[in-house]
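These are the residues of each chain, in order.
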Amino acid sequence: MLVLVAPGQGAQTPGFLTPWLDLPGAADRIAAWSDAIGLDLAHYGTRADADEIRDTAVAQPLLVAAGLLSAAALDASPSVVAGHSVGEITAASIAGVIEAEAALRFVRTRGLGMAEAAAVTETGMAALLGGDPAVTVPHLEKLGLTPANVNGGGQIVAAGTAAQIAALEADKPEGVRRVVALKVAGAFHTHHMAPAVEKLRAAVGDLTVSDPTVTYVSNADGHTVATGTEVIARLVGQVANPVRWDLCMETFQELGVTALVELSPGGTLTGLAKRALPGVKTLALKTPDDLDAARALISEHAGA
């Protein structure tokens, strides 16, 4: 059984889209999406530097475009789809909930809304290395921080104000070796993103929504979601709520997933899966050179 997963913000690197644009029809597709959302995706995916693509309003559409482009090139029929944070929009499109161009319009609104919300208060995020979640989470809550990403294997990303992040660095939870501040624009997946939720809620009225054609796993709680309206409601709400990727991986196990392919720019989620899903074959689509290996893996596991 195959699961296709789409990475979230932070997976992008300068120039990562360049080799994908050499595929037949890829440049035209990116150009059409760029026109639809008023953002030059080809520029940001090929020539922009790290600082330019760190901008939330740029990074999010770029990641969804890359995920959808690599999914089209792979042309696979997964049994299960899921995405980490903004990757859920990619997953929703692959599952047939919304069309590709609608997904790009939606994520453009999301990115702009989250960038505006992040500008209100100086906030940030920090990864905690080591520690036990049972100890770490109460400690974060005591400091007023949110465990914004619970990624499995003990990996937690905290989010809150700059002062709260500084307090965390000075007062680490027991067992945590290091607190590493992340280069992001704000405290994503916390109450600080509430204004972005309202912008997205206003935007969903323009969407044509269908029920998912494959099993869709939500990172709100790891549950499968059977209706398109519920998928969209969760996409709106997850902007201000934690990502529970650990629960998604538990669901993959319960569903009997045997292979996991991560869409471009792959690497982050396959790394988590290697630690949390022993026995599950994994492959990250980093460049089109990985497509043949991915197809071979899918062929081996499609009927599992």
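Residues numbered from 1 in each chain as written. Predicted model: local features only at pLDDT ≥ 70, side-chain atom pairs only at ≥ 80, totals over all residues. Heavy atoms only, no water.

Where an unreviewed UniProt entry is consulted, the protein appears under the name [acyl-carrier-protein] S-malonyltransferase, with the organism given as Streptomyces durocortorensis.

> Any chance you could explain the pairing of strand β4 (residues 146-152) here in plain terms?
Two faces belong to every sheet, and in a regular strand the side chains alternate between them. Counted residue by residue, β4 has seven buried out of seven residues, so it is predominantly covered. Note: β4 against strand β5 (residues 155-161), five bridges, orientation antiparallel. Bridge pairing links Asn-149 to Val-157 in β5. The hairpin formed by β4 and β5 contains two residues between the paired strands, and Gly-153 there has a positive phi angle of roughly 65 degrees. (Buried < 20%, exposed > 50% of the residue type's maximum accessible area, 1.4 Å probe, protein only. Helix = DSSP H or I, 4+ residues; strand = E, 2+ residues; numbered from the N terminus. Pairing = 2+ DSSP bridges.)

> Is there a simple way to think about the layout of surface pockets in this case?
If a probe the size of a water molecule is rolled over the atoms, the empty space left behind becomes visible. When its volume is computed, the largest pocket comes out at roughly 620 Å³. Forming the boundary of the largest pocket are 29 residues, of which Gly-8, Gln-9, Gly-10, Ala-11 and Val-184 lie nearest the centre. Counting residues per element, the ones that place at least two in the lining of the largest pocket are α3 (50-54), α6 (100-118), β4, β5 and α12 (268-276). In terms of residue class, the lining of the largest pocket is made up of 13 nonpolar, 13 polar and three charged. In this structure, the second largest pocket occupies an estimated 180 Å³ of space. What lines the second largest pocket is simply Arg-29, Trp-33, Leu-68, Ala-71, Ala-72, Ser-93, Ile-94, Ile-98, Glu-99 and Ala-100. Those elements giving two or more residues to the lining of the second largest pocket turn out to be α1 (26-37), α4 (56-74) and α5 (87-94). It is α4 that provides the largest number of residues to the lining of the second largest pocket, a total of three residues. Looking at the lining of the second largest pocket, its residues break down into seven nonpolar, one polar and two charged. (1 Å grid on protein atoms, 1.4 Å probe; cavity = no way out; pocket = protein on both sides within 12 Å on 5 of 7 lines; lining within 4 Å. Points joined across faces, edges and corners; volume = space filled by probe spheres on them. Nonpolar A, V, L, I, M, F, W, Y, C, P; charged D, E, K, R; others polar.)

> Help me out: how do you make sense of α4 in this one?
Under the 1.5 Å per step criterion, the end-to-end length of α4 is 27 Å for 19 residues, consistent within 8% with the ideal 27 Å. The element α4 is largely enclosed, with a buried count of 18 among its 19 residues. One side-chain oxygen of the residue at the start of α4 lies 3.0 Å from the amide nitrogen of Ala-57, identifying that residue as Asp-55. Phi turns positive, to about 55 degrees, at Asp-75, one or two residues after α4. (Expected span 1.5 Å × (residues − 1). Polar contact = N/O pair within 3.5 Å; in protein donor to acceptor, adjacent residues only side chain to side chain.)

> Help me understand unusual backbone geometry in this model?
Most peptide bonds take the trans configuration, and most residues that are not glycine carry a negative phi. For the bond running from Ser-264 to Pro-265, omega is -5 degrees, close enough to zero to count as cis. Among the structural elements, Pro-265 can be located in the loop between β10 (259-262) and α12. Positive phi is not limited to glycine here, since Ser-85 has a value of about 55 degrees. At His-189, a position not held by glycine, the phi torsion is positive, near 60 degrees. Mapped onto the elements, His-189 comes out in the loop between β6 (176-181) and α9 (194-203).

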